[in-house]
Amino acid sequence: MKKIISAVEAGQLIKDNSSIMIGGFLKCGTPTKVIEEIIKKHVKGLTLIANDTCYPDSDRGKLIVNRCVKKAIVAHIGTNPETGKQMNAGELEVELTPMGTLVEKIRAAGSGLGGVLTPTGVGTPIEEGKQTMVIDGKKYLFEKPLKADVALIYGTKADKFGNVYFEGTTRNFNVVMSSAADTVIVEPDEIVEDCLDPNMVTIPGIFVDYIVK
């Protein structure tokens, strides 16, 4: 049985200057209640690892607006003008990473790999400062694994053992992030009394530490 906690208790697990992965693609499949608690708690200095910084008035975007984040490692920031504003003012460090590369870096951390090789970014500013390798005449960038102190993920349903099910595209970044953090907190829409049907399980409970009621 996994520990079922409130959103307030989950917010207390997020400390200043920690790294946090947050699942979701814009508003799709994103946990929201714990993010609100992080803002209320005035957590500062976070390193945010996510697909994007969403919109100024939504979930991850609110963390930017409320200046909870010192560094964002994301694939794009175009939907949140506040991210660009803080970046240009030197108030927020933004590390733009191609989306596929971002997923693979997280997956590598979750799988215990030393990194991944990708041709994406060769010959662009993304290559600057990175190791490269030539294999069979083709140049690749070496990308290091990317993990976090905490992964805050969404789920459509979870059982009390921590098994998680996703409806449709809500799984997006949530699944890969669940294996790449020291502490994994899932915020499901519903906690079911019985075990989920094994055929429905997308994230096995072994990866989950806390369930937010």
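The preceding data block contains the structure.
Note that this is a predicted model, so its numbers are computed, not measured.

### Section: the overall build of the chain
- Broken down by element type, the chain carries six helices and 12 strands.
- Expressed as lengths along the three principal axes of its C-alpha atoms, the size of the chain is roughly 55 × 40 × 25 Å.
- Counting the 213 residues in the chain, one finds 48% classified as buried.
- Considering only intrachain contacts with a sequence separation of at least 6, the fraction spanning at least 24 residues in the chain is 70%.
- Split by element, the accessible area of the chain, about 9,900 Å² in all, is 52% carbon and sulfur.

### Regarding the nonpolar core
- Grouped together as the largest cluster of nonpolar side chains are 27 residues, with contacts concentrated most on Ile14, Ile20, Ile38, Leu63, Val69 and Leu152.
- Among the elements of the structure, helix H1 (7-12), strand S2 (19-22), helix H2 (33-40), strand S3 (46-49), helix H3 (59-65), strand S4 (69-74) and strand S9 (148-159) are those that each provide at least two residues to this core.
- The element contributing the most residues to this core is H2, with four residues.
- Ignoring sequence-local partners within four residues, the contact set of Leu152 consists of Ile20, Met21, Ile22, Gly23, Pro31, Val34, Ile35, Ile38 and Ile185.
- Ile49, Val184, Val186 and Ile203 belong to the second-largest nonpolar core, a separate cluster that totals 23 residues.

### Remarks on the pattern of salt bridges
- Under the defined criterion, the tally for this structure stands at 14 salt bridges.
- Because the salt bridges share partners, they merge into one network encompassing Asp52, Asp59 and Arg60.

### What about H2?
- Within H2, the full set of buried residues consists of Val34, Ile35, Glu37, Ile38 and Ile39.
- Downstream of H2 by a residue or two, His42 has a phi angle that is positive, lying close to 60 degrees.

### Observations regarding the state of the cysteines
- Applying the stated criterion across every chain, the model contains zero disulfides.
- Cys28 supplies the cysteine sulfur nearest to Cys54, a cysteine that is in no disulfide, at a spacing of 10 Å.
- Cys54 supplies the cysteine sulfur nearest to Cys68, a cysteine that is in no disulfide, at a spacing of 15 Å.
- A residue is classified by how much of its surface remains accessible, and Cys68, at 1% relative accessible area, is buried.

### So, unusual backbone geometry
- The phi dihedral of His42 is positive, around 60 degrees, even though this residue is not glycine.
- Looking at where His42 falls in the secondary structure, it is placed in the loop between H2 and S3.
- You can call His42 exposed: its relative accessible area is 56%.
- For Cys54, which is not glycine, the phi dihedral falls at a positive 50 degrees.
- Positionally, Cys54 belongs in the loop between S3 and H3.
- Classification of Cys54 as buried rests on a relative accessible area of 0%.

### Considerations on the packing of aromatic side chains
- Under the defined criterion, the tally for this structure stands at one aromatic pair.
- Judged by centre distance (6.4 Å) and plane angle (50 degrees), the ring pair of Tyr154 and Phe166 falls under tilted. Taken as a pair, Tyr154 in strand S9 and Phe166 in the loop between strand S10 (164-165) and helix H6 (174-177) lie far apart in primary sequence, 12 residues in all.
- Since its relative accessible area comes to 2%, Phe166 is described here as buried.

Cut-offs used in this document
Residues numbered from 1 in each chain as written. Predicted model: local features only at pLDDT ≥ 70, side-chain atom pairs only at ≥ 80, totals over all residues. Heavy atoms only, no water. Helix = DSSP H or I, 4+ residues; strand = E, 2+ residues; numbered from the N terminus. Buried < 20%, exposed > 50% of the residue type's maximum accessible area, 1.4 Å probe, protein only. Contact = heavy atoms within 4.5 Å. Areas by Shrake-Rupley, 256 points an atom, 1.4 Å probe, with all protein chains shown as cover. Core = buried A, V, L, I, M, F, W, Y, C linked by side-chain atoms within 4.5 Å. Salt bridge = Lys/Arg side-chain N within 4 Å of Asp/Glu carboxyl O. Disulfide = S-S within 2.5 Å. Phe/Tyr/Trp six-rings, centres within 6.5 Å; stacked < 30°, edge-to-face > 60°.

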